[in-house]
Amino acid sequence: MNLSKFEHQFMDWKSLSEEDKWFFVGDEYLPLHANHAERISVIKGRVAREFCSEYFSRSQHSLAYDSGKYTCSEHISTYNAWGNTEETQVIRQWLHNRGIPFSRTIYLIYDFTKVVKTDWKTLVSYWDAFSWSVGMAMIAVDSTEQWMCEFFHEDVITFYSYE
């Protein structure tokens, strides 16, 4: 899938206002190390809706997790992880064990009106900061279309694969 037409429209972390960083809740992580901040950028509004429309109309996902088209799903509860260092690390390890290369570019979709571009390593490291402020869900996807990871507001993460 070619999402390159959107690449120049992502705003990098350092150019975002505090209000535009709404998706990242975790004062204990701030300020972000410069190397980590470089790996986070955002589109929102009309451009984010266009991105989502193109992604889901072209991908096999098409929100397939609702239709049961996935071949495998695994989930983990985050209920005891909020504010608990040991349980937060358990979730990090679970995400790491999904086998996604750390350098893989991923997109975090919030309510189809905001998209955060980062890499899998950054999501694994800061999963709790990225998912603390989800409305209904945050959906993590990439251009391979082989998987999707949903961070649901009811304290569960579900990893769907289409292999």
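Please refer to the structure placed before this passage.
Parameters at a glance
Residues numbered from 1 in each chain as written. Predicted model: local features only at pLDDT ≥ 70, side-chain atom pairs only at ≥ 80, totals over all residues. Heavy atoms only, no water. Phe/Tyr/Trp six-rings, centres within 6.5 Å; stacked < 30°, edge-to-face > 60°. Buried < 20%, exposed > 50% of the residue type's maximum accessible area, 1.4 Å probe, protein only. Lys NZ or Arg CZ within 6 Å of the ring centre and 35° of its normal. Pairing = 2+ DSSP bridges. Helix = DSSP H or I, 4+ residues; strand = E, 2+ residues; numbered from the N terminus. Contact = heavy atoms within 4.5 Å. Axes fitted to C-alpha atoms, helices over the stretch in contact; angles between N-to-C directions. Parallel < 35°, antiparallel > 145°, perpendicular 65-115°, else oblique. Left-handed = near helix turned anticlockwise from the far one by under 90°. Nonpolar A, V, L, I, M, F, W, Y, C, P; charged D, E, K, R; others polar. Expected span 1.5 Å × (residues − 1). Arc of directions from axis to C-beta. Polar contact = N/O pair within 3.5 Å; in protein donor to acceptor, adjacent residues only side chain to side chain. Disulfide = S-S within 2.5 Å.

Draft legend 1. Molecular detail of the packing of aromatic side chains. One pass over the structure, following the stated rule, counts 21 aromatic pairs. Residues Tyr-55 and Phe-56 carry aromatic rings whose centres are separated by 5.2 Å and whose planes lie at 85 degrees to one another, so their mutual orientation is edge-to-face. Residue Tyr-55 shares its accessibility class with Phe-56, and that shared class is buried. An aromatic cluster is built from Trp-13, Trp-22, Phe-23, Phe-24, Tyr-29, Tyr-110, Tyr-126 and Phe-130, whose rings are joined through pairwise contacts. Directly above the ring of Phe-10 sits Lys-117, whose terminal nitrogen or CZ lies 5.4 Å from the centroid.

Draft legend 2. Expanded view of the sheet that holds strand β4 (residues 105–110). Across the sheet, which stays open at both edges, the eight strands sit in the order β1-β2-β5-β4-β6-β7-β8-β3 with antiparallel pairing between neighbours. The two strands at the open ends of the sheet, each matched to only one other strand, are β1 (11–12) and β3 (72–77). The sheet contact formed by β3 and strand β8 (residues 156–161) spans six bridges and is antiparallel. The partner of Glu-74 across the bridge, within β8, is Phe-159. Strands β3, β7 (147–152) and β8 of the sheet are contacted by helix α4 (residues 85–96), whose axis makes an angle of about 170 degrees with β3. In this fold helix α5 (residues 120–131) packs onto β4, β5 (114–119), β6 (137–141), β7 and β8, with an angle of close to 140 degrees to the strand it touches most, β5.

Draft legend 3. Highlighting the packing of α4 against α5. The N-to-C vectors of α4 and α5 enclose an angle of 155 degrees; their axes lie 8 Å apart at closest approach. One finds that α4 runs roughly antiparallel with respect to α5. As for how α4 packs across α5, the hand of that crossing is right-handed. For the pair formed by α4 and α5, the contact residues are Thr-88, Ile-91, Arg-92, Leu-95 and His-96 on the first element and Trp-120, Val-124, Ser-125, Trp-127 and Asp-128 on the second. By residue class, the composition of the contact of α4 with α5 is five nonpolar, three polar and two charged.

Draft legend 4. Expanded view of the environment of Ile-76. Topologically, Ile-76 is positioned in strand β3. C-alpha of Ile-76 to C-alpha of Val-42: the two residues are 34 residues apart in sequence and 27 Å apart in space.

Draft legend 5. Focus on α4. The terminal C-alpha atoms of α4, which comprises twelve residues, lie 16 Å apart, in line with the 16 Å expected from a rise of 1.5 Å per residue. All of the buried residues in α4 are Thr-88, Ile-91, Arg-92, Trp-94 and Leu-95. Buried residues of α4, seen end-on, are gathered within an arc of 160 degrees and therefore sit on one face of the element. Here the buried face of α4 lies against β3, α5, β7 and β8. For α4, the N-terminal cap is Asn-84; the gap from its side-chain oxygen to the backbone nitrogen of Glu-86 is 3.1 Å.

Draft legend 6. Expanded view of the pairing of strand β2 (residues 41–44). Here β1 runs beside β2; their pairing, made up of two bridges, is antiparallel. Bridge pairing in β2 places Met-11 opposite Val-42. Pairing of β2 with β5 involves four bridges; the strand directions are antiparallel. Note that in β5 the partner of Lys-44 across the bridge is Lys-114.

Draft legend 7. Here's a closer look at the state of the cysteines. Scanning all chains against the criterion turns up zero disulfides. Free of any disulfide, Cys-52 has its nearest neighbouring cysteine sulfur in Cys-149, separated by 16 Å. Cys-72 carries a free sulfur, and the closest cysteine sulfur to it, the one in Cys-149, is 12 Å from it. For Cys-72, a relative accessible area of 32% puts it in the partly exposed group.

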